[in-house]
Amino acid sequence: MVQIGNFHVGAADALKPPVLSTGEVYILWDMLVSRYDAIMITQTYQNLAHDPEFRMVLTQGLGRMLEKQVDKLEAELDRYMITLPPRPPKSVNYEAQSGVFRDEFLFRRVFTSIQDFLDHHIWAIRVTVINDPLRQMFIQFAIDEVEVFDDLCKYGKVKGWLSIPPMSN
């Protein structure tokens, strides 16, 4: 029997189950918890945002990346028979038109969160050395995050919401 990563050729009785280190188990679980939190925060910001275009950006972030990554992470945890953390509510909806939170502030919170997630993805990649397919999934997550970050930089500049430090001469 030949085994390369999680791909097996040969007799089924010689199969070894996929292997995870304890650190990789923690990373999977932690990445899922942090994605659950990001979804709840993004849904909250959708309720607080005034600008319809900004609401659309938040909605795209949920569908384009967060929810897809949650599905992949849940599937991986199921595959390794790791208990899933408690799932948050499907949606966070409430009337929040007080005007206390400006869209620019909400944008900056999203922007900072994405910067933090870039570090989180790199940490996950660095620590995931045993399970090659898992590391590849984290690499793809990081690529997705970089693309969203790039789009958000462009959007923030157009809106004038990106805090740009003074330029030197």
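Everything numeric in this text was worked out from a predicted model, so none of it was measured. (Residues numbered from 1 in each chain as written. Predicted model: local features only at pLDDT ≥ 70, side-chain atom pairs only at ≥ 80, totals over all residues. Heavy atoms only, no water.)

(A) Here's a closer look at the overall build of the protein chain. Summing up its helical and strand segments, the protein chain has four helices and two strands in all. For the protein chain, buried positions account for 40% of its 169 residues. When contacts within the protein chain are restricted to residue pairs at least 6 apart in sequence, those whose partners lie at least 24 apart make up 78%. Here the protein chain has roughly 10,100 Å² of accessible surface; of this, 60% comes from carbon and sulfur atoms. (Helix = DSSP H or I, 4+ residues; strand = E, 2+ residues; numbered from the N terminus. Buried < 20%, exposed > 50% of the residue type's maximum accessible area, 1.4 Å probe, protein only. Contact = heavy atoms within 4.5 Å. Areas by Shrake-Rupley, 256 points an atom, 1.4 Å probe, with all protein chains shown as cover.)

(B) Geometry of the environment of Tyr80. Looking at the secondary structure, you find Tyr80 in the loop between helix H2 (52-79) and helix H3 (103-127). Only 2.8 Å separates the side chain of Tyr80 from the side chain of Asn131, close enough to count as a polar contact. (Polar contact = N/O pair within 3.5 Å; in protein donor to acceptor, adjacent residues only side chain to side chain.)

(C) Layout of the side chain of His120. The residue His120 is located in helix H3 in this model. In this structure the side chain of His120 is engaged in a polar contact, spanning 3.0 Å, whose partner is the side chain of Asp30. For His120, the contacting residues outside a window of four places in its chain are Asp30, Met31 and Ser34.

(D) How the structure looks around the packing of helix H1 (residues 22-48) against H3. Two numbers describe how H1 lies on H3: the axes approach to 12 Å, and their chain directions differ by 170°. By the angle class used here, H1 and H3 are roughly antiparallel. On H3, the residues that touch Glu24, Tyr26, Ile27, Asp30, Met31, Ser34, Arg35, Ala38, Tyr45 and Leu48 of H1 are Asp103, Leu106, Arg109, Val110, Phe117, His120, His121, Trp123, Ala124 and Val127. Across the contact of H1 with H3, the residue classes tally to twelve nonpolar, three polar and five charged. (Axes fitted to C-alpha atoms, helices over the stretch in contact; angles between N-to-C directions. Parallel < 35°, antiparallel > 145°, perpendicular 65-115°, else oblique. Nonpolar A, V, L, I, M, F, W, Y, C, P; charged D, E, K, R; others polar.)

(E) Spotlight on the nonpolar core. Formed by 40 residues in total, the largest nonpolar core has its most connected members in Leu28, Met31, Phe54, Leu73, Phe107, Met137 and Phe138. Elements with a contribution of two residues or more to this core: H1, H2, H3 and helix H4 (132-159). Setting aside residues no more than four positions away along its own chain, Phe138 makes contact with Ile27, Leu28, Met31, Leu73, Ala124, Ile125 and Thr128. (Core = buried A, V, L, I, M, F, W, Y, C linked by side-chain atoms within 4.5 Å.)

(F) Focus on the pattern of salt bridges. Counted according to the given criterion, the structure contains ten salt bridges. Between Arg79 and Glu76 there is a salt bridge whose closest N-O contact spans 3.4 Å. Here Glu76 and Arg79 lie together in helix H2, a separation of three residues that amounts to about one turn. With a shortest N-O distance of 2.7 Å, Asp132 and Arg135 are connected by a salt bridge. (Salt bridge = Lys/Arg side-chain N within 4 Å of Asp/Glu carboxyl O.)

(G) Quick look at the layout of surface pockets. Space inside the largest pocket adds up to approximately 420 Å³. Contributions of two or more residues to the lining of the largest pocket are made by H1, H2, H3 and H4. Ranked by residues supplied to the lining of the largest pocket, first place goes to H2 with eight residues. Of the residues in the lining of the largest pocket, the class split is 14 nonpolar, five polar and five charged. By volume, the second largest pocket is sized at about 150 Å³. The wall of the second largest pocket is formed by Tyr36, Ile39, Gln43, Glu67, Val70, Asp71, Arg87, Pro88, Pro89 and Lys90. Those elements giving two or more residues to the lining of the second largest pocket turn out to be H1 and H2. (1 Å grid on protein atoms, 1.4 Å probe; cavity = no way out; pocket = protein on both sides within 12 Å on 5 of 7 lines; lining within 4 Å. Points joined across faces, edges and corners; volume = space filled by probe spheres on them.)

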